[in-house]
Every structure is written in structure tokens, then in C-alpha cells.
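Read off the chains here:
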Amino acid sequence: MLSLSLLLSSPSSSLKILTLTKRTIFSSLTTMSINLNSHVFTGNPLRSKTPKPHDPLSPSSAFESLKALLLQNPENPPPPKSPLFKVLPFRKGRPLASSSVTGDDVVSSWYLAWISLADCKGLFGKCGVQLTERSLVYLGSRAEEDVVYWAIDVSEEGGLVPELSRRQFCFVELRTLMVATDWADSLAVGALAIAGHARALLEWHNLSRFCGHCGEKTVPKEAGRRKQCSNELCKKSIYPRVDPVVIMLVIDRENDRALLSRQSRFVPRMWTCLAGFIEPGESLEEAVRRETYEETGIEVGEVVYHSSQPWPVGPSSMPCQLMVGFFAYAKSLEINVDKEELEDAQWHSREDVRKALTFAEYKKAQRTAAAKVAQMCKGVEKGQSLSAKFIVESGELAPMFIPGPFAIAHHLISTWLNQDRSTGVEAQLKQPSSFISKL
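Residues numbered from 1 in each chain as written. Predicted model: local features only at pLDDT ≥ 70, side-chain atom pairs only at ≥ 80, totals over all residues. Heavy atoms only, no water.

Enquirer: Requested: an account of the nonpolar core, with residues and values cited.
Expert: By size, the foremost hydrophobic cluster in this structure holds 62 residues, and its most contacted members are Leu-192 and Leu-249. Counting residues per element, this core draws most heavily on helix α5 (residues 186–207), at 7 residues. Beyond its immediate sequence surroundings of up to four residues, Leu-192 is in contact with Val-40, Phe-41, Trp-110, Leu-174, Leu-177, Met-178, Thr-181 and Trp-183. Listed in part, the 27 residues of the second largest apolar core include Leu-57, Leu-69, Trp-150 and Ile-152. (Core = buried A, V, L, I, M, F, W, Y, C linked by side-chain atoms within 4.5 Å. Buried < 20%, exposed > 50% of the residue type's maximum accessible area, 1.4 Å probe, protein only. Helix = DSSP H or I, 4+ residues; strand = E, 2+ residues; numbered from the N terminus. Contact = heavy atoms within 4.5 Å.)

Enquirer: Help me get a handle on the packing of aromatic side chains, residues and values and all.
Expert: A full pass over the atoms with the stated rule returns 5 aromatic pairs. Measuring from centroid to centroid gives 5.7 Å for Phe-85 and Trp-150, while their planes differ by 90°, and the two rings are edge-to-face. With Phe-85 in strand β3 (residues 84–91) and Trp-150 in strand β8 (residues 147–153), this pair connects stretches of sequence that are 65 residues apart. Residue Phe-85 is classed as buried on the basis of its relative accessible area of 6%. You can call Trp-150 buried: its relative accessible area is 0%. Between Tyr-138 and Trp-150, the aromatic rings sit 5.6 Å apart at their centres with planes inclined by 85°, giving edge-to-face as the arrangement. Taken together, the residues span a long stretch of sequence, with Tyr-138 in strand β7 (residues 136–142) and Trp-150 in strand β8 at a distance of 12 residues. No difference in accessibility class separates Tyr-138 from Trp-150, as the two residues are buried. (Phe/Tyr/Trp six-rings, centres within 6.5 Å; stacked < 30°, edge-to-face > 60°.)

Enquirer: Give me the side chain of Thr-368: which residues, what numbers.
Expert: Mapped onto the fold, Thr-368 is located in helix α8 (residues 362–377). A polar atom in the side chain of Thr-368 sits 2.9 Å from the backbone oxygen of Lys-364. (Polar contact = N/O pair within 3.5 Å; in protein donor to acceptor, adjacent residues only side chain to side chain.)

Enquirer: Which residues make up the sheet that holds strand β11 (residues 226–229), and what values go with them?
Expert: On the basis of which strands lie adjacent, the open sheet formed by 3 strands has the order β10-β11-β12 and antiparallel pairing. With one partner strand each, in any of the chains shown, β10 (218–221) and β12 (237–238) form the two edges of the open sheet. Sheet topology places β11 next to β12; 2 bridges connect them, and they run antiparallel. Across the sheet, residue Lys-227 finds its bridge partner in β12, namely Ile-238. (Pairing = 2+ DSSP bridges.)

Enquirer: Report on the state of the cysteines, specifying residues and quantitative values.
Expert: Under the criterion given, the structure shown has 0 disulfides. The structure places no disulfide on Cys-214, whose sulfur is separated from the nearest cysteine sulfur, that of Cys-229, by 3.4 Å. Accessibility expressed as a relative area gives 33% for Cys-214, which makes it partly exposed. With no disulfide partner, Cys-234 has as its closest neighbouring cysteine sulfur the one in Cys-229, 3.8 Å distant. (Disulfide = S-S within 2.5 Å.)

Enquirer: If you had to explain the pattern of salt bridges to someone new, which residues and values would you point to?
Expert: For the structure on display, the rule yields 15 salt bridges. Salt-bridge contacts for Arg-167 lead to Asp-119; the nearest nitrogen and oxygen are separated by 2.6 Å. Here Arg-167 is found in the loop between α3 (160–166) and β9 (170–171), whereas its partner Asp-119 is found in helix α2 (residues 117–126), with 48 residues between them in sequence. A residue is classified by how much of its surface remains accessible, and Asp-119, at 25% relative accessible area, is partly exposed. (Salt bridge = Lys/Arg side-chain N within 4 Å of Asp/Glu carboxyl O.)

Printed below as a string of C-alpha cells:
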């Protein structure tokens, strides 16, 4: 069973319809105040295209330039045709970030704290450590800026933290940045995707330090995009790891109730979709049926695909999960919860779920998290419970809420919830679906 301790944040999207076989699923999200055109952690602006090998911005060419720059005397000019290099440090899976105040209403917003290659080299030198090309991992480039972006894990270099803190930079949990992201800020959304990709690569590097075949050390290849065993008799290639997960909203036969669950480790009152890892030798649809039956005793018939989302905020042992979302139609209704997997699972009416969405103040949670990041960067961190922000207008706690729009669970639930029974299917199908087309 996959652990989904998902916290919450802002907004929503509008949707149209998706049809498969005899079922019609409406894909239009009508949540709070901000529209999302794609899932969080997708749309990485550095990964739209991989340059050809001869391009100075390509992984191979950039890596050669990187080696030359690290070996050269700082007083000498850079090699000809060398692009600019920017580096994003990570410490224990946390990217380096900072915060600024924007607008008349004094709202904090975070940004990634990129540093130049020369600055990175100087910081390492102050700690008595020589920066090498194998320490850096290629993330991508922006051709219009002639810049190549890299990531580096500085978890072992504790001496860097005080120097970075003096610049009001701090290492922040990626999940906190996710909740703190203003979804109206396309730059912040893109930065979150970059940070997610970088964390997944660096955590994979930490997990693959030794060859699983012969046990010898591995070395980075292709600017850190793959690794290879150092044993000349082995030379096994190792590629970044992705852990596929099915996540499903189970719906009853009348299409009036949804099966939601919670785990004991969730924040209070949060309910979400069932989810679980795919096992070897089974299809995605089979994984949906097996996981649903194992955890709740519910038998599933028809399975309908919705969308997928990378999820690089899980434990470091699983650097990047790929959430594959489905609607699943129940053939039975009696619930038998596996208490080793779940704390509870219940059928919830459409009205109950609608209230959970209406009462959830995702924007307030986003601003709370953004203020927390700002405090951390100033060296003053206050512990706050984001779940306490989800209240009804009377000031009482909402009886339940679902994960925010950064999670695929939110979009599965919202899609089902916002079916428009008053509009004909044929009319809806003729309308373009901006949300679905971009997923």
C-alpha cells in the first residue's frame, strides 16, 4: 500500500468530458480560485528538448566545458563558446531556496537559489573540498539564455550551511515548497518541476553508489544521467529509477458514492483515494483491482484511465514515483478494511465530498506555507499545522477534506464530483478540454 500523507494547497481547473466504453467521466475541475493546466511536477522548462550531442548545451558538450572550467585558473578567461553554468545545491533531499515579498499585500513567494559555478567552486574551496565534475548532475538548459543548469548534493559539506544562511538562503523540504507554491505564478510552478526532477536524480545517485550485480562502486556517466559499474569485467549500466503507482477513485454502481480512505499517519480529517505499487507481471488495470480488493475487500470491474503525475516527494528510498490515475467501478459494496494498510475506508456521498471541497481553504494553506519558507530563510522558523487552516466559515473545523490541487487525488475526486447531469454528453464532447489536452 502506498503511503500518501498529502498536505494541501490552492486552486483548480475547468473540465469537460472523457468517455470510455459505457461510462462517461467528466473531466472538468471547478475548485477554488486558481486554474491548473497540468499536474504539478510536470512541464519542466529545462526538459522540453534534449539538445543534439554537437550542441554546446547538450549533456556531453556541457560536461566537457564543465571539466575545463573546473580545471582552469580562476584568473584566466573561460573557454570559448562555453555557456553559463548555474548550480542548485541540495542537502538531504532539500533544495536551496530563498524568499521575497511581492505585491502591495506583502505576500511572500519562494524561488530556487541558483548559484554560479565559480561561486560554487569558491564555497567548496572555503570548506577545503575540491569541486569535481562528477559531483554535478545535468538538469537541462535554456537555449534562449545560453545557460546550462546543474544540481549538486552537499549533504556531506556542513560548512556550507552558515555561509549560505548569511545570504538568507536555506534548504527547504520539497513538499513544503509544493504547498507554498502560488499556482498563478508560472515561474514558481516551473521551478517546482525543476526541483522535483533534480531531487529524484540526486536521491537515485545516492541509492545507486554500488553495482547491484557485482557490488563494485558505480561512476556517473552522461553528465550524471546514468551510472556504470567501475568493474572492468562488469560495466553494468544503471539508469534512473521510477516507481509506478496506481491511484484510483472507486465509484459505486449508481455513480453516486466514492470510496475514500485514510491512514493513521495522515493529518487529521484528510481522506483520499486508494493507491498502491504495481507488482511485477501485472497490468495497470490488474493492479487497480488487486489493491482495491486487498485493502477494502471491494471487487472492481471496469477501470478507466484519467492521467498520470510524477511524484518526487516520497521517501528517499523511492526517488520518483509515477502516479497513474484511474476511475474504478465497484462490483460489490461491503467494505472489509485491511487494518495493517488503512485506518479506515468509507463510501462518501457526492454531497459530502462537495462540502469537503467547498470548505477547504487551499489559498490560505498556500500563504501559510509561503510565510513559513520566508521565516526559515530569515533563520526564524515557527511550527504551524496546515491542517488547522481548513475550517468552515463559522470557525469550526471542517468534518473532512481532500488533498489539494497539487495532488492527482484531488483531480480524480473533482472530476467525478463535477459531473454535469443537466448537459448532454454529445454537447459536452464537442467542447475542447484544455485541462485534459495538456496532461
